[in-house]
Amino acid sequence: MSEDHAVSALDEDAARSELARLAGLLAAADRAYHQADAPEISDADYDALKRRYAAIEARFPHLRALDSRTGMVGAPPAEGFAKAVHAVRMLSLENAFAATEVTAFDARVRRYLGLTPEEPLAYTAEPKIDGLSLSLRYEGGRLVLAATRGDGETGEIVTANARTIADIPATLAGAPELIEVRGEVYMAQADFAELNARQAETGERTFANPRNAAAGSLRQLDPAITAARPLRFFAYAWGALSEPLAGTQMGALARLAALGFPTNPLTRACDGPQALLAAYRALEAQRATLGYDIDGVVYKVDDLALQRRLGFRAATPRWAIAHKFPAELAWTRLLAINIQVGRTGALSPVARLQPVTVGGVVVSNATLHNEDYIAGRDARGTPIREGRDIRPGDWVQVYRAGDVIPKIADVDLAERPPGTSPWVMPDRCPECGSDALREAGDSVRRCSGGLICPAQAVERLKHFVGRAAFDIEGLGAKQIEAFYRDDQLPIRTPADIFTLAARDAANPTRLKDRDGYGERSVQKLFQAIEDRRTIALHRLIFALGIPHIGESTAALLADSYRSWAAFEAAMTAATIGEGPEWQALVGIDGLGEVTAAAVVATFHQERERMAIDALVAQLMVEDAAPRAPADSPVAGKTVVFTGTLERMSRAEAKARAEALGARVAGSVSARTDLLVAGPGAGSKAAKAAELGVTVIDEDAWRALIGDA
DNA sequence: GTGCCTCGAGTTCC
DNA sequence: CTCGAGGCAC
């Protein structure tokens with residue numbers, strides 16, 4: 001059996017049966033591993049199966065939905081917890097801090113849905129529990145998988161621990177065949193105090209706050225310890241479902257409660273932003289008496305059909321927002337201001353603080369953004385902190401933005417030591433001595449050294465091995481730092497990673513004989529590198545670290561050019577500002593001139609170009625995956641929307657068209673297949689007529705895609 | 001030119 | 001997680 005024969009050779013039918021076969025093998029291996037604790041196959045073989053499964057899925061993404069196992073494919077690692085890919089991503093929420101942001105949220109939702117301010121729109125408001133989120137998968141009414149949120153994409157499997165939590169039912173009666181219940185694991189304040197007292201008595205570590213205690217308790221390798229911890233659970237959402245729970249958020253919560261899950265009794269139905277704000281004020285007033293920590297209120301559009309229409313941005317749903325309570329503040333001394341150099345050369349000032357506890361966490365660093373922020377004004381020159389600047393030695397007020405990132409809110413001028421002067425941004429890179437320049441209209445100062453600057457080179461390499469790029473296991477930030485400075489076996493460019501094993505073999509002192517490395521870990525590292533020699537086009541483009549090219553834009557480029565050969569040829573032939581290759585590039589919807597120029601410039605810079613060529617020579621670059629299924633009438637077609645759309649917003653129309661496999665462009669060209677013109681269509685309609693492009697109105701479009 | 005919506009880049013602590 | 005700014009519609 002050849003697990004590694006080419007995925008690219010499979011046709012769709014073969015892929016479907018192969019997925020089913022692999023799913024069977026993986027399921028059997030999972031059962032053996034989790035239940036009997038006696039694996040039938042080696043970890044390496046399991047990994048090979050899993051990789052092949054993922055490769056086929058990546059190539060035929062629309063087959064993914066056919067297989068309910070997808071969410072459970074997880075490799076048991078050597079230590080710690082196995083990972084599970086969530087069948088439906090666990091997203092985070094956009095945050096709001098002011099009442100105006102809540103009314104803006106309502107306005108945005110209405111605009112997207114095409115509702116007037118007068119039309120009714122129901123919301124829910126529920127307390128935002130300060131714990132950690134957990135996804136519980138039930139099949140046939142039995143709890144089969146519990147996974148933490150992780151990065152939203154992949155979480156850790158904590159099923160055995162979840163089973164010990166009294167609030168979480170082991171079985172459900174009358175539930176859908178498949179249901180993923182999502183909610184928050186938390187610890188009540190009284191239980192937390194008691195636990196900490198007990199921990200202190202027995203000389204064990206105490207926890208800083210209930211959330212840390214809950215997180216630490218859930219992530220115990222020994223479920224017996226979790227069982228002894230007073231964890232609780234509130235259900236508030238769901239992931240994969242074999243049948244809908246209800247038509248509204250409130251209805252779904254009632255259904256979850258009927259299935260035996262605790263749901264928060266303070267959840268309220270609200271008929272508009274004023275009611276949402278009233279619910280917020282009520283919860284804020286009750287906060288101290290609840291017995292558990294909450295850090296804000298979550299607002300959701302109640303109607304689930306509307307939630308579906310609103311859909312998602314890159315990382316957050318459009319139909320929900322978290323209104324956070326004001327952050328806790330603390331005063332401390334600013335000891336120094338240091339400079340960090342990022343991968344784009346940006347010089348970032350970082351505050352070194354006298355350690356201080358803010359919201360249950362000891363903070364000793366804080367971001368200072370840029371020189372304007374330190375000087376007390378924002379990018380537009382508007383004063384912040386009433387224009388007070390920040391100087392080393394100052395007495396400063398610290399808070400954690402979004403309860404995470406430490407920032408400096410204010411300065412007490414009365415406490416300022418005498419004889420200080422305003423802090424000045426260095427005009428040379430502290431890492432390489434190159435000039436640090438601030439372009440007109442830019443808020444950051446950048447090191448001009450490029451790849452000559454060791455700090456930039458290292459940061460570029462860290463980006464390269466990052467999770468959305470090459471994601472090489474065993475080669476993280478720390479290892480990159482070490483290899484960059486290593487004289488015997490250096491990694492200074494991305495291509496060096498892929499020659500690592502061969503160079504090591506030729507060295508008198510082998511890596512496996514060094515301190516900190518063993519035979520096994522070196523073998524694993526080399527294998528992880530080998531696994532990534534084959535790389536998806538979008539990952540490669542993202543990994544190059546071109547300014548302005550993040551994950552989304554890299555995927556956009558990969559999808560537009562399909563293959564590395566086509567992309568590379570076009571970028572090589574292109575000149576900035578003119579010519580057919582340039583026109584094609586800036587014609588991509590969502591990609592403008594600044595971004596396009598950055599890509600073309602990179603391919604024409606000698607040093608960058610040599611690094612790219614040396615890298616690609618080491619790789620097998622996979623073409624972009626085939627588009628959405630070809631069974632929709634607009635699949636593969638290039639569509640342009642113009643004029644005012646009356647029954648849907650432009651963003652919604654675009655999202656819907658893309659889901660059906662169409663490419664949505666911003667302007668009409670000879671490559672346009674269809675122009676959807678609403679009232680008020682101007683030059684685009686004229687151009688379409690000129691080019692002979694089919695023009696239809698909104699109703700005809702809805703009929704075409706089957707939206708009656 | 002203005003205003004919205006996203007994305008990109010940099011950041012902390014566990 | 002936030003800020004700045006690119007891209008696009010109006």
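Counting restarts for each chain: residues are numbered from 1 in the order of the written sequence. Chains and ligands are labelled sequentially in the order written, the chains with letters from A and the ligands with numbers from 1. In keeping with the model being predicted, local features are shown solely for residues with a pLDDT of at least 70 and side-chain atom pairs are shown and tallied solely at 80 or more, while totals for entire chains, interfaces and linings include all residues. Side-chain numbers here rest on the full set of heavy atoms in the structure, without hydrogens or water.

Lining the immediate surroundings of DNA strand B are 27 residues, of which Arg111, Thr344, Ser348, His548 and Thr553 lie closest. The rule for a residue being near a molecule or strand is that one of its heavy atoms must lie within 4 Å of it. Counting only the atoms of DNA strand B within 4 Å of the protein, the fraction contributed by sugar and phosphate is 96%. In this structure, a phosphate oxygen belonging to DNA strand B sits 3.4 Å away from a main-chain N or O atom of Glu551. The helix and strand labels rest on DSSP assignments: H or I over at least four residues marks a helix, E over at least two residues marks a strand, and numbering proceeds from the N terminus. Elements supplying a minimum of two residues to the surface near DNA strand B: helix H3 (99–113), strand S13 (347–358), strand S14 (361–367), strand S16 (405–411) and helix H18 (551–561). Broken down by element, the residue count for the surface near DNA strand B peaks at five residues, all from S14. Put simply, Ala, Val, Leu, Ile, Met, Phe, Trp, Tyr, Cys and Pro go in the nonpolar bin, Asp, Glu, Lys and Arg in the charged bin, and everything else, Gly too, in the polar bin. In the surface near DNA strand B, the residues fall into 11 nonpolar, 10 polar and six charged. Here a polar contact means two N or O atoms within 3.5 Å. Within protein one must be a hydrogen donor candidate and the other an acceptor candidate, and residues neighboring in sequence count only if both atoms are side-chain atoms.

Glancing now at the sheet that holds strand S5 (residues 142–148). In this description, strands pair whenever DSSP reports at least two bridges between them. In space, the four strands of this open sheet follow the order S5-S4-S7-S8, with antiparallel pairing throughout. Each of the sheet's edge strands pairs with one partner strand only, and the pair in question is S5 and strand S8 (232–241). Strand-to-strand, the axes of this sheet are offset by a mean angle of 30°, without reference to chain direction. Direction of pairing for strand S4 (residues 132–139) relative to strand S7 (residues 178–186): antiparallel, over a ladder of eight bridges. Its bridge partner being in S7, Arg137 is matched across the sheet by Glu180. Sitting on the sheet, helix H8 (residues 249–258) is in contact with S7 and S8, with an inclination near 115° to S8. Every axis corresponds to a line fitted to the C-alpha atoms, with the helix fit spanning only the stretch in contact, and the corresponding angles, defined between N-to-C directions, vary from 0 to 180 degrees. By definition in these notes, contact holds between two residues if any of their heavy atoms fall within 4.5 Å.

This part is about the state of the cysteines. Note on disulfides: each one is a pair of cysteine sulfur atoms within 2.5 Å. Taken as a whole, this structure holds zero disulfides when the rule is applied. Free of any disulfide, Cys429 has its nearest neighbouring cysteine sulfur in Cys447, separated by 3.7 Å. The structure places no disulfide on Cys453, whose sulfur is separated from the nearest cysteine sulfur, that of Cys432, by 3.7 Å. When accessible area is computed with a 1.4 Å probe and restricted to protein chains, residues below 20% of their type maximum are described as buried, those above 50% as exposed, and intermediate ones as partly exposed. Residue classification places Cys453 among the buried residues on the basis of a relative accessible area of 0%.

Turning next to the environment of Arg485. Inspection of the secondary structure assignment puts Arg485 in helix H13 (residues 477–485). A relative accessible area of 54% means that Arg485 is categorised as exposed. As for Arg485 and Pro454, which are separated by 31 residues in sequence, their C-alpha atoms are 9.6 Å apart.

What follows deals with H8. One turn of an α-helix holds 3.6 residues; hence residues three or four places apart share an orientation. Every buried residue of H8 is listed here: Gln249, Ala252, Leu253 and Leu256. The buried residues of H8 all sit within an arc of 100° when viewed along its axis, so they share a single face. Here the buried face of H8 lies against strand S3 (123–129), S7, S8, strand S10 (294–301) and helix H10 (304–310). Positive backbone phi, at 110°, marks Gly260, one or two positions downstream of H8. The arc under discussion is defined with respect to the helix axis, by the directions toward the C-beta atoms.

Taken together, 21 residues sit near DNA strand C, with Phe97, Gly441, Gly590, Gly592 and Thr595 positioned nearest. Within 4 Å of the protein, atoms of DNA strand C come from sugar and phosphate in 100% of cases. Val594 has a polar backbone atom sitting 3.2 Å from a phosphate oxygen of DNA strand C. A distance of 2.3 Å separates a phosphate oxygen of DNA strand C from a polar side-chain atom of Thr595. With three residues, the top contributor of residues to the surface near DNA strand C is helix H21 (residues 593–604). Per-class residue counts for the surface near DNA strand C are seven nonpolar, nine polar and five charged.

Before going further, it helps to examine the confidence of the model for chain A. For every residue, the predictor reports its confidence as pLDDT, a number between 0 and 100. Residues at a pLDDT of 70 or more form 82% of chain A, whose mean pLDDT is 82. Predicted confidence in chain A is weakest over helix H1 (residues 12–36), with a mean pLDDT of 53, and strongest over H8, with 96. Here residues 61–79 is modelled with pLDDT under 50, and outside its nearest four sequence neighbours on either side it reaches 54 contacts, counting other chains as well.

Sheet architecture is open: five strands sit in the order S2-S11-S10-S3-S9, paired in mixed fashion. Taken across any chain shown, the strands that pair with only one partner, and hence form the sheet edges, are strand S2 (95–96) and strand S9 (268–270). Seen against the sheet, H8 touches S3, S9 and S10 and runs at an angle of roughly 50° to S3.

Moving on, we get to the packing of aromatic side chains. The description of an aromatic ring pair uses the distance of the two centres, along with the angle that the planes make with each other. Here a Phe, Tyr or Trp ring, Trp counted by its six-membered ring, pairs with any other such ring whose centre lies within 6.5 Å, and the pair is stacked when the planes are under 30 degrees apart, edge-to-face when over 60, and tilted otherwise. Taken as a whole and assessed by the stated rule, the structure comprises 13 aromatic pairs. In this scheme, Lys NZ or Arg CZ marks a charge over a ring once it lies within 6 Å of the ring centre and within 35 degrees of the ring normal. One cation-aromatic arrangement involves Arg385 over Tyr373; the distance from NZ or CZ to the ring centre is 4.9 Å. When the ring centre of Tyr484 is taken as reference, the NZ or CZ atom of Arg492 above it lies at 5.6 Å.

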